[in-house]
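What follows is each chain in one-letter form.
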Protein chains: 4
Amino acid sequence: MQLGLIGLGRMGFNMRERLRAAGHEVIGYDHHPDVTDVSSLSELVDKLAAPRVVWIMVPVQYTEPTIDELSGLLSPGDIVIDGGNSRFSNDRPRAERLATKGLGYLDVGVSGGVWGRTNGYALMVGGEKKHVEHCMPIFEGLKPEGEFGFAHAGGVGAGHYAKMVHNGIEYGMMHAYAEGYELLEASEYVENIPEVFKSWRAGSVVQSWLLDLMDRALDEDPNLDGLRGYADDTGEGRWTVEEAIRLAVPMNVIAASLFARFASRQDDSPAMKAVAALRNQFGGHAVKKG
Amino acid sequence: MQLGLIGLGRMGFNMRERLRAAGHEVIGYDHHPDVTDVSSLSELVDKLAAPRVVWIMVPVQYTEPTIDELSGLLSPGDIVIDGGNSRFSNDRPRAERLATKGLGYLDVGVSGGVWGRTNGYALMVGGEKKHVEHCMPIFEGLKPEGEFGFAHAGGVGAGHYAKMVHNGIEYGMMHAYAEGYELLEASEYVENIPEVFKSWRAGSVVQSWLLDLMDRALDEDPNLDGLRGYADDTGEGRWTVEEAIRLAVPMNVIAASLFARFASRQDDSPAMKAVAALRNQFGGHAVKKG
Amino acid sequence: MQLGLIGLGRMGFNMRERLRAAGHEVIGYDHHPDVTDVSSLSELVDKLAAPRVVWIMVPVQYTEPTIDELSGLLSPGDIVIDGGNSRFSNDRPRAERLATKGLGYLDVGVSGGVWGRTNGYALMVGGEKKHVEHCMPIFEGLKPEGEFGFAHAGGVGAGHYAKMVHNGIEYGMMHAYAEGYELLEASEYVENIPEVFKSWRAGSVVQSWLLDLMDRALDEDPNLDGLRGYADDTGEGRWTVEEAIRLAVPMNVIAASLFARFASRQDDSPAMKAVAALRNQFGGHAVKKG
Amino acid sequence: MQLGLIGLGRMGFNMRERLRAAGHEVIGYDHHPDVTDVSSLSELVDKLAAPRVVWIMVPVQYTEPTIDELSGLLSPGDIVIDGGNSRFSNDRPRAERLATKGLGYLDVGVSGGVWGRTNGYALMVGGEKKHVEHCMPIFEGLKPEGEFGFAHAGGVGAGHYAKMVHNGIEYGMMHAYAEGYELLEASEYVENIPEVFKSWRAGSVVQSWLLDLMDRALDEDPNLDGLRGYADDTGEGRWTVEEAIRLAVPMNVIAASLFARFASRQDDSPAMKAVAALRNQFGGHAVKKG
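Note that this is a predicted model, so its numbers are computed, not measured.

The rules behind the values
- Residues numbered from 1 in each chain as written.
- Chains lettered and ligands numbered in written order.
- Predicted model: local features only at pLDDT ≥ 70, side-chain atom pairs only at ≥ 80, totals over all residues.
- Heavy atoms only, no water.
- Least-squares fit on C-alpha atoms with pLDDT ≥ 70 in both.
- Contact = heavy atoms within 4.5 Å.
- Pairing = 2+ DSSP bridges.
- Helix = DSSP H or I, 4+ residues; strand = E, 2+ residues; numbered from the N terminus.
- Axes fitted to C-alpha atoms, helices over the stretch in contact; angles between N-to-C directions.
- Parallel < 35°, antiparallel > 145°, perpendicular 65-115°, else oblique.
- Left-handed = near helix turned anticlockwise from the far one by under 90°.
- Buried < 20%, exposed > 50% of the residue type's maximum accessible area, 1.4 Å probe, protein only.
- Expected span 1.5 Å × (residues − 1).
- Right-handed = clockwise from strand over helix to strand, strands pointing away.
- UniProt positions renumbered as here; feature names shortened; annotations may be inferred.
- Phe/Tyr/Trp six-rings, centres within 6.5 Å; stacked < 30°, edge-to-face > 60°.
- Buried area = accessible area lost by both parts, 1.4 Å probe.
- Salt bridge = Lys/Arg side-chain N within 4 Å of Asp/Glu carboxyl O.
- Polar contact = N/O pair within 3.5 Å; in protein donor to acceptor, adjacent residues only side chain to side chain.

**Student:** Whenever I open this one, the relation of the copies chain D and chain C confuses me. Can you help?
**Tutor:** The operation relating the pair of chain copies consists of a rotation about an axis and a translation along that axis. With an RMSD of 0.0 Å, the operation that places chain D on chain C is a rotation of 180° combined with a shift of 0.0 Å along the axis. What we have between these two chains is a two-fold relation. Relative to the rotation axis, the closest C-alpha in chain D is found at Ser208(D), a distance of 1.9 Å. Comparing contact sets, 100% of the residues at the interface of chain D also lie at the interface in chain C, consistent with an isologous, same-surface contact.

Quick look at the structure:
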């Protein structure tokens, strides 16, 4: 099947490779001349036979302008797919805007990171059934072998929503391992931490792909000496907790994981300055000067 | 290799089966006449050739009395293994006590649940190298195929310590999935929650064995209608947080998971009664009568 | 000074009383005929001499329609005050809309609950300095005696923002007392819990007005037997955590207090159902049927 | 009334002053010659008329040796008071040991910090009624004026238990203010943070003594620039959470406050290193080098 793919960064580049390996014709566009197949969006559109399917895989801040430009070039019956990290709440207005031009829209949450090219990508899709069915060959090419790794999660927005929850869970899981790792590091009992992680990789209740990666990371750097305890967040964690607030869902674990990332980016904690100030005020407790 | 195995409950029974299937001679003792191979501890000891290895797999409250009785029957050079859920802090005193009688001691954390018989058990072992080496054939018989699923974690206590941390991580992981599930349940976006869990089972960052089990549970009962939101805890989660407190390790995620279990067992929350009382006092906010 | 006051519920009624006691002329409007001074908004506006000051103290869902109607009746130079629980983010658009008609706008966070009539209300004001100065006699009449209880927090929105943070802190403080109360309840050590709360009311680091109210509540119902552990939330707690997310501020304490309220309103926890399902799947742990 | 007072540090010194001002005869002992009234414990005991009351107010690590030495010098009928930060669980064994020598024992939680000399100290007392009654004049001299600030909380241990819970609550309250402060700092809405804190000091729901101190601290250093966000913990917070674990009490707020203190003392977070390692492994996300 023919696919236009806009955005050939870390994710898009690998997706093109996987799709081509599966026999699909992918025409990619990127502003980096080294990787692009065409020199402009209009050339991309020209090269695709209608009804076209164009998958957008660009950094989230470029998604709206890309869709705006693209929608001026496409024809009724074409389908736009956003596979990037858009907030789910943007999908329905976007789909309605595109529908006025006769264009279909699917939102697709994509998980898999740099491993997806080899292992396949988990895909969570939101949109109308007819659009999903039309694009199914592409999804088949991207998803892993076997019965898992794909869901038509619901109407427009459901794909990004499912991916958002996926990432919220990811935050919590990563932090659970991280807290366990820190406790092992702090304790005098366990002498061989990487061995312990290896012991969990088969037979245990906590076996997972993240655990495999943790073991890999410890093999490369057994005390993680080469790293700083610093982590960005890409939005989905924040949106997950915002949704928990909107829907009155208690979410202590994922929220704590998110807050830990915020804290990891602070040079000093204003809140703890306030605690230090209070302790000094009432108890004359020693403070550290700033 | 010959092994005495005390305790043939859910775990011990399956372990005997797996070891026998691997060609080991297991003599099991249990107070249930249907499953036991011998009628008493002394008969068990008599049937084993010295140097004996005796694995104890009993509910934690019976571990000390069992070891006491057993240590009166064994001979210098024999090895006692505790594979139950003992608190790691009990291991060193126990090992010292046994050492005065010339008995060796290994503490083994065992993970795998009801699936271990088929898949193998993850084993985390604490104790002296010579004792570990002596018992290695047994460990080989219990652990999963392949390079993972076994660690000699350190000296006496390290096995139970590693298992404790394992279970703390397990609490956090389970709760991360659980919060994600609840958000999907609460939201109007995703129509097909079991499908979404299936999509994560391959290719995604959150794939894990627990996820596979969650999918299985949703297949059996898509809205979990047949369950109450109630969960016991078996001690390791509490000990993990206690250790975090002792060692000044921040542990918001695992602690929140533990506290959620506590809350799940309360008919009503005394803390929230206090909050309701306060809101009524200052704001005249309506309260619900008890 | 003359004031129009719209909304004579629990808060507005008491505020009118306090202002009248302070010598101000308050003309109140409410849809309840028993408490209103005028029969319509237009009559209210007619009775006030320009430049008018009209304070709106209505449930948050009625604020926008009330302002819409009112702004059609007022004259350039008049000032509208919103003293209700509006989200701070609504204030700037509202002020800009009113400014096009020559109307001033102040947002005022009001704390004090049912006790404000006697003790005075803490007031946090956002808006232009000239508007604040014009309304200062009213603020003086509402605030407590002495140097505290009033702030011009900043431009439009700052008053509601400060009140939002105030309520977030309130959530955290209440929950700190609540957790302490629950621990005392659960423990076998302290025999006389109300006495302990009394001991903290003077000399201690945790003395506060909320503590006084807690003591009062325990005097009325020493075990809080007459209450259910159920608490609503009025929005400010949610907005506080949303702001923490927007601004990357770690906020574990206030978020946990908010999540506890959410949990207090659930008959059963979907998340804990998921945990129960998982434990049953891997360990054969007993579950409670729904 | 006559009192022997051992330990004349920040707390003990001020307590001696307050008691003397109230007309009591206090004989103080400290190893610092500048402040002590006697040169040895035995001289202290000699100068007191039987039945003696001796109050110990030493750093917690010296409490047991002090009691050991003291109990060899006292006579049956004398009473020992521990007013320090002992763990409640030490009180009953200690009382039983002293009882074998005919000595009474009271454990007293003391709150008030450096302000207690002027304002009085909140006292939470555990022990037998007859001992409490005997020492009541001393308690009256230390506690604040008025009906509050003293409780006979229960039997031996109840005083330290109540003080422990008090400090747990204190952690939570301080952190609630601290999180609110940090949000105000981070936000663009509120221009005058110290003014906002002042507005809360009267009329508001969050008024408290800690708030007064926070305002005082902001007066001295409006942005807390002179401080580092670093806070020790003196044990009671840890014990509070340990008790929550023992008694299955959900305690997210106080635990989060405690964990924030732990984090404040780390140069880098091992847990966040693990998170960074995982993100790098699966997503190729940039990491900061250690």
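Having put the structure on the table, let's press on.
**Student:** I would appreciate a short explanation of the sheet that holds strand S2 (residues 25-29) of chain C in the present structure.
**Tutor:** One key point about sheets: their strands pair by backbone hydrogen bonds, in either a parallel or an antiparallel sense. Residue and element names in this part refer to chain C. Read from one edge of the open sheet, seven strands run S2-S1-S3-S4-S5-S6-S7, paired in mixed fashion. Strands at the two margins of the open sheet, each flanked by one partner only, are S2 and strand S7 (150-154). Across this sheet, the average inter-strand angle for adjacent strands is 25°, counted without regard to direction. Relative to S2, strand S1 (residues 2-6) runs parallel, the two being bridged by five bridges. Among the inter-strand pairings, Gln 2 is bridged to a residue of S2, identified as Glu 25. Along the sheet, helix H6 (residues 129-142) contacts S1, strand S3 (53-56), strand S4 (79-82), strand S5 (104-111), strand S6 (122-126) and S7; its crossing angle with S5, the most-contacted strand, is approximately 35°.

**Student:** For this particular structure, what's the right way to read the packing of helix H7 (residues 158-186) of chain B against helix H12 (residues 270-283) of chain C?
**Tutor:** Each pair of packed helices gets described by two things: the angle between the helix axes and the distance between those axes. One way to put it is that H7(B) packs onto H12(C) with a least axis distance of 8 Å and a crossing angle of 130°. Taken as axis vectors, H7(B) and H12(C) run oblique relative to one another. Relative to H12(C), the crossing made by H7(B) is right-handed. In contact with Glu170(B), Met174(B), His175(B), Ala178(B), Glu179(B), Tyr181(B) and Glu182(B) of H7(B), H12(C) contributes Pro270(C), Ala271(C), Met272(C), Ala274(C), Val275(C), Leu278(C), Arg279(C) and Phe282(C).

**Student:** Help me understand the environment of Val190(D) in this model?
**Tutor:** Along the chain, the position of Val190(D) falls in the loop between helix H7 (158-186) and helix H8 (193-200). Note on Val190(D): relative accessible area 6%, which makes it buried. The contacts of Val190(D), once residues within four sequence positions are left out, are Ala153(C), Ala158(C), Tyr161(C), Ala162(C), Leu184(D) and Val196(D).

**Student:** Hey, could you run me through helix H1 (residues 10-21) of chain A in this one?
**Tutor:** Since the α-helix advances by 3.6 residues per turn, residues separated by three or four positions end up pointing in the same direction. All names here are of chain A. With 12 residues, H1 should reach 16 Å at 1.5 Å per residue; the first-to-last C-alpha distance of 17 Å fits that figure. Those residues of H1 that fall on the buried side of the exposure criterion are Gly 12, Asn 14, Met 15, Arg 16, Arg 18 and Leu 19. Summarising the contacts, the buried residues of H1 are in contact with strand S1 (2-6), strand S2 (25-29), strand S3 (53-56), helix H5 (116-119) and helix H6 (129-142). In the stretch just after H1, Gly 23 is the one whose phi turns positive, near 95°.

**Student:** Quick question: what am I supposed to make of the pairing of strand S7 (residues 150-154) of chain A here?
**Tutor:** Sheet faces and side chains relate simply in a regular strand, where the side chains alternate between the two faces. Residues and elements named next belong to chain A. Of all five residues making up S7, four are buried, and the element is well covered by its neighbours. Inspection of the sheet shows strand S6 (residues 122-126) paired to S7 by four bridges, in the parallel sense. Directly across from Met 124, in S7, lies its bridge partner Ala 151. The β-α-β motif built from S6, the intervening H6 and the parallel element S7 has right-handed crossover chirality.

**Student:** Looking at this model, I keep getting lost on the sheet that holds strand S6 (residues 122-126) of chain B. Mind explaining?
**Tutor:** Residue and element names in this part refer to chain B. Read from one edge of the open sheet, seven strands run S2-S1-S3-S4-S5-S6-S7, paired in mixed fashion. Each of the sheet's edge strands pairs with one partner strand only, and the pair in question is strand S2 (25-29) and strand S7 (150-154). Strand-to-strand twist across the sheet, computed as the mean angle between neighbouring axes with direction ignored, equals 25°. Here four bridges tie strand S4 (residues 79-82) to strand S5 (residues 104-111), and the two strands are oriented parallel to one another. Within S5, the residue paired with Ile 81 across the bridge is Leu 106. Set on the sheet, helix H4 (residues 91-99) makes contact with S4 and S5; between it and S5 the angle comes to about 145°.

**Student:** How should the UniProt feature "domain: 6-phosphogluconate dehydrogenase C-terminal" (unreviewed entry) in chain A be read in this particular structure?
**Tutor:** Per the UniProt record, "domain: 6-phosphogluconate dehydrogenase C-terminal" (unreviewed entry) is found at residues 159-286 of chain A. Helix and strand shares over residues 159-286 of chain A are 67% and 0% respectively, and the end C-alpha atoms of the span are 53 Å apart.

**Student:** Hey, could you run me through the environment of Pro76(A) in this one?
**Tutor:** Residues and elements named next belong to chain A. Mapping Pro 76 onto the fold places it in the loop between helix H3 (63-71) and strand S4 (79-82). For Pro 76, a relative accessible area of 67% puts it in the exposed group. What Pro 76 contacts, discounting residues up to four positions off in sequence, is Lys 101, Gly 102 and Leu 103.

**Student:** How do you make sense of the packing of aromatic side chains when you look at a structure like this?
**Tutor:** One pass over the full model with this rule turns up 36 aromatic pairs over all chains. For the pair Phe139(C) and Phe150(C), a centre-to-centre distance of 5.5 Å together with 35° between the ring planes defines the contact as tilted. Highlighted residues: Phe139(C) in helix H6 and Phe150(C) in strand S7, separated in sequence by 11 residues. Plain terms: the ring middles of Tyr189(C) and Phe88(D) are 4.8 Å apart, the flat faces sit at 80° to each other, and that makes the pair edge-to-face. Of this pair, Tyr189(C) sits in the loop between helix H7 (158-186) and helix H8 (193-200) while Phe88(D) is found in the loop between strand S4 (79-82) and helix H4 (91-99), placing the two residues in two different chains. Across the pair, exposure class does not vary: Tyr189(C) and Phe88(D) are buried alike. What links up through ring pairs into an aromatic cluster is the set Trp55(A), Phe139(A) and Phe150(A).

**Student:** Looking at this model, I keep getting lost on the interface of chain A and chain B. Mind explaining?
**Tutor:** It is common to give the size of an interface as the accessible area lost on bringing the parts into contact. Contact residues are listed per partner, giving 75 residues for chain A and 75 residues for chain B. Across the interface of chain A and chain B, roughly 6,000 Å² is buried in total on both sides, 71% from carbon and sulfur atoms. For the interface between chain A and chain B, the tally reads two salt bridges. The interface formed by chain A and chain B holds 26 residue pairs in polar contact (both at pLDDT 80 or more) in total. Elements with a minimum of two residues in the side of chain A that touches chain B: S6, S7, helix H7 (158-186), helix H8 (193-200), helix H9 (209-220), helix H10 (236-246) and helix H11 (252-264) of chain A.

**Student:** How should I be thinking about unusual backbone geometry in this particular structure?
**Tutor:** Phi is mostly negative for residues that are not glycine, and the peptide bonds are mostly trans. Residue Pro51(B) is reached from Ala50(B) by a cis peptide bond, and omega for that bond is -5°. As for its placement among the helices and strands, Pro51(B) is situated in the loop between helix H2 (41-47) and strand S3 (53-56). A positive phi is found at Ala248(A), a non-glycine position, where the angle reads about 60°. Within the secondary structure, Ala248(A) is located in the loop between H10 and H11. The phi dihedral of Leu224(B) is positive, around 55°, even though this residue is not glycine. Mapping Leu224(B) onto the fold places it in the loop between helix H9 (209-220) and helix H10 (236-246).

**Student:** Sorry, what's going on with the pairing of S6(C) here?
**Tutor:** Residue and element names in this part refer to chain C. A large share of S6 lies buried, amounting to five of its five residues. Alternating residues of S6 divide into Ala 122, Met 124 and Gly 126 and Leu 123 and Val 125, and every residue in both groups is buried. For S5 and S6, the ladder comprises five bridges, and the chain directions are antiparallel. Across the sheet, the residue bridging to Val 108 is Val 125, located in S6.

**Student:** Where do I start with the interface of chain D and chain C in this structure?
**Tutor:** Contact residues are listed per partner, giving 75 residues for chain D and 75 residues for chain C. Taking both partners together, chain D and chain C bury about 6,000 Å²; carbon and sulfur atoms supply 71% of that area. When the buried area of chain D at its contact with chain C is split by residue, Leu183(D), Tyr189(D) and Val205(D) rank highest and sum to 13% of it. Inspection of the chain D/chain C interface yields two salt bridges. Inspection of the region where chain D meets chain C yields 26 residue pairs in polar contact (both at pLDDT 80 or more). For the side of chain D that touches chain C, the secondary structure elements donating two or more residues are strand S6 (122-126), strand S7 (150-154), H7, H8, helix H9 (209-220), helix H10 (236-246) and helix H11 (252-264) of chain D.

**Student:** How should I be thinking about the pattern of salt bridges in this particular structure?
**Tutor:** Where charged atoms of side chains with opposite charge meet at close range, the side chains can pair. All names here are of chain A. For the structure on display, the rule yields 80 salt bridges over all chains. As a salt-bridge pair, Asp 37 and Arg 20 come within 2.9 Å of each other at their nearest N and O atoms. Taken together, the residues Asp 37 in the loop between S2 and helix H2 (41-47) and Arg 20 in helix H1 connect sequence positions 17 residues apart. What makes Arg 20 partly exposed here is its relative accessible area of 35%. We note a salt bridge from Asp 233 to Arg 265, for which the minimum N-O separation is 2.9 Å.

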